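Okay, here's what each chain looks like letter by letter:
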Amino acid sequence: VNPVLAVAMLLLLVCVVLLSWLGAARMRVADEYEAARAAAARPSPSPPPPPAPSADQNLAHFHAALGQRRGVERQLKEMFALADRHALVLRQGEYRSSQDRAGGFTTYQINLPVKGRYDAIWAFAFDVLRALPHASLDDVSFRRDAIREENVEARLRLTLYLSAAAGPGGTQ
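The shown structure was predicted, so the numbers you read here are calculated from the model rather than taken from an experiment.

## So, the packing of helix 3 (residues 72-85) against helix 4 (residues 118-131)
Okay, so step 1: As a packed pair, helix 3 and helix 4 sit with axes 10 Å apart at the nearest point and diverge in direction by 145°. By crossing handedness, the relation of helix 3 to helix 4 is classed as right-handed. Contacts between helix 3 and helix 4 involve Glu-78, Met-79, Leu-82 and Ala-83 from the former and Phe-124, Asp-127, Val-128 and Ala-131 from the latter.

## Regarding the pattern of salt bridges
Side chains that differ in charge, positive against negative, can pair when their charged atoms come close.
Okay, so step 1: Using the criterion set out here, one finds 6 salt bridges in the structure.
Okay, so step 2: A salt bridge links Arg-37 to Glu-34; the nearest nitrogen and oxygen atoms lie 3.7 Å apart. Of the two residues, Arg-37 and Glu-34 both sit in helix 1 (residues 3-41), 3 residues apart, roughly one turn of that helix.
Okay, so step 3: Residue class for Glu-34 comes out partly exposed when judged on its relative accessible area of 44%.
Okay, so step 4: The partner of Arg-117 in a salt bridge is Asp-119, with the nearest N and O atoms 2.6 Å apart.

## Regarding the environment of Ser-136
Okay, so step 1: Position of Ser-136 relative to the elements: it lies in strand 4 (residues 135-143).
Okay, so step 2: Of the residues examined, Ser-136 reaches a relative accessible area of 18% and is grouped as buried.
Okay, so step 3: Sequence separation between Ser-136 and Ala-83 is 53 residues, and the spatial gap between their C-alpha atoms is 17 Å.
Okay, so step 4: Setting aside residues up to four positions removed in sequence, Ser-136 forms contacts with Leu-129, Arg-157, Leu-158, Thr-159 and Tyr-161.
Okay, so step 5: There is a polar contact of 2.7 Å between the side chain of Ser-136 and the side chain of Asp-138.

Rules behind the numbers
Residues numbered from 1 in each chain as written. Predicted model: local features only at pLDDT ≥ 70, side-chain atom pairs only at ≥ 80, totals over all residues. Heavy atoms only, no water. Axes fitted to C-alpha atoms, helices over the stretch in contact; angles between N-to-C directions. Helix = DSSP H or I, 4+ residues; strand = E, 2+ residues; numbered from the N terminus. Left-handed = near helix turned anticlockwise from the far one by under 90°. Contact = heavy atoms within 4.5 Å. Salt bridge = Lys/Arg side-chain N within 4 Å of Asp/Glu carboxyl O. Buried < 20%, exposed > 50% of the residue type's maximum accessible area, 1.4 Å probe, protein only. Polar contact = N/O pair within 3.5 Å; in protein donor to acceptor, adjacent residues only side chain to side chain.

Here it is as structure tokens:
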């Protein structure tokens, strides 16, 4: 056997083995790449939602959000100042206070007739809700006598939710 031919055959055999090994390695890399692309395309699992607050925690949050009953006059003055800022005319309103003994809070319902521009009335209502976070806007009704009138008449019904305690420390 010719030694040169034997070396050439051995080199050829080594090349075939290396090429088959490289082909298999290339296939594994391609499979891993596709698996990584598929995993990246899938949305990551969202974290579990926090546990729901207990009834006691909800009640504590509610009572913490209540306004102070002692400050009703100041809150009404703030409401009237907001109306002035929006160039609205406030007429004599109706005010009614009631106490929810079981819930431990007081409500102060305000029926407020307002006259002014439509957008100013809405801006006023939203400003009141921002200024008094313990207030709710329960009802709004509009009336315009003539279609060409710039001003409309509105009736806003707001409720202030107040702490039954008179002072910040919970004392009467």
